[in-house]
Amino acid sequence: MKCPFCQHEETQVLDTRVSEEGDAIRRRRRCTHCDKRFTTFERIELAMPVVVKKNGSRTEFDPVKLRASLMLALRKRPVSAEALDEALQRIKEKLLSSGEREVLSGHVGELVMRELKRLDKIAYIRFASVYKSFEDVAEFQNMIEEFSGPPARKK
Ligand SMILES: [Zn+2]
């Protein structure tokens, strides 16, 4: 990343975070030459890896479906919307920080389970028991859509 002030080629990343809307990465940078600071934005849509299913087919990463999966597992559990948002954010950040253009669906499932384990043990067991009997997260999500529709958003 070129420094916009002195055109120096090297800058140091001071801080990286996903925007509140979850659709961009904001990086605070410092030029190693002139020491000036600036912020860059990267759109997540461009960086989000494509999900590779077990059968080899590719599907676009869908944050809406991912949220629906977690909400289904967390139904009637004492977990706040904020805690859910943070968990989703961490999953996205991990997928983004891998830098890979493709990610195995099983890996996405593992990330989801890791987050649920931290959030709520019951939700974790729910998700794990259902998820294990499915090929991948995409199938779990299809199941949600077919049988229950997207769960109602609760506070
Ligand atoms: Zn500079």
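Residues numbered from 1 in each chain as written. Predicted model: local features only at pLDDT ≥ 70, side-chain atom pairs only at ≥ 80, totals over all residues. Heavy atoms only, no water.

The chain appears in an unreviewed UniProt entry as Transcriptional repressor NrdR from Paraherbaspirillum soli. Listed under Sequence similarities (unreviewed entry) in UniProt, the entry text for the chain is "Belongs to the NrdR family." Recorded in UniProt under Function (unreviewed entry), the annotation for the chain is "Negatively regulates transcription of bacterial ribonucleotide reductase nrd genes and operons by binding to NrdR-boxes." (UniProt positions renumbered as here; feature names shortened; annotations may be inferred.)

Colleague: I'd like to hear about the coordination of the zinc ion, residue by residue, with values.
Modeller: Note on metal sites: the ideal angle is 109.5 degrees for four tetrahedral donors, and 90 or 180 degrees for six octahedral donors. Distances from the zinc ion to its protein donors, Cys3 (SG), Cys6 (SG), Cys31 (SG) and Cys34 (SG), fall within 2.2 to 2.4 Å. Coordination at the zinc ion comes from four donor atoms whose angles at the metal span 104 to 118°, giving a geometry best classed as tetrahedral. Spacing between the donor residues of the zinc ion along the chain follows C-x2-C-x24-C-x2-C. Taken together, the residues span a long stretch of sequence, with cysteine 3 in the segment before strand S1 (11–18) and cysteine 34 in the loop between strand S2 (24–31) and strand S3 (37–43) at a distance of 31 residues. (Donors = N, O, S within 2.8 Å, 3.2 Å for Na, K, Ca; no water. Tetrahedral: all angles 85-135°; square planar, octahedral: opposite > 155°, others 65-115°. Helix = DSSP H or I, 4+ residues; strand = E, 2+ residues; numbered from the N terminus.)

Colleague: Explain the nonpolar core residue by residue, including any values.
Modeller: Core analysis: the largest hydrophobic core is formed by 27 residues, its most contacted members being Leu66, Leu70, Ile91, Leu95, Val112, Leu116 and Phe127. The leading source of residues in this core is helix H3 (residues 81–97), at seven residues. (Core = buried A, V, L, I, M, F, W, Y, C linked by side-chain atoms within 4.5 Å. Buried < 20%, exposed > 50% of the residue type's maximum accessible area, 1.4 Å probe, protein only.)

Colleague: I'd like a rundown of the sheet that holds strand S5 (residues 58–59), residues and numbers included.
Modeller: Judged by pairing direction, the sheet is mixed, and its three strands sit side by side in the order S5-S4-S6 without closing on themselves. Only two strands of the sheet have a single neighbouring strand rather than two, namely S5 and strand S6 (102–104). Relative to S6, strand S4 (residues 50–52) runs parallel, the two sharing three bridges. Bridging from a neighbouring strand, valine 50 pairs with glutamate 102 of S6. In the packing of helix H4 (residues 105–119) onto the sheet, contacts are made with S4 and S6, and the angle to S6 comes to roughly 70°. (Pairing = 2+ DSSP bridges. Contact = heavy atoms within 4.5 Å. Axes fitted to C-alpha atoms, helices over the stretch in contact; angles between N-to-C directions.)

Colleague: Give a detailed account of the packing of aromatic side chains, specifying residues and quantitative values.
Modeller: In this structure the tally under the stated criterion is one aromatic pair. With a centroid separation of 6.4 Å and an interplanar angle of 70°, the aromatic rings of phenylalanine 5 and phenylalanine 38 are classed as edge-to-face. Taken together, the residues span a long stretch of sequence, with phenylalanine 5 in the segment before S1 and phenylalanine 38 in strand S3 at a distance of 33 residues. Taking the relative accessible area as the measure of exposure, phenylalanine 5 reaches 45% and is therefore partly exposed. Judged by relative accessible area, phenylalanine 38 falls into the buried class, the value being 10%. (Phe/Tyr/Trp six-rings, centres within 6.5 Å; stacked < 30°, edge-to-face > 60°.)

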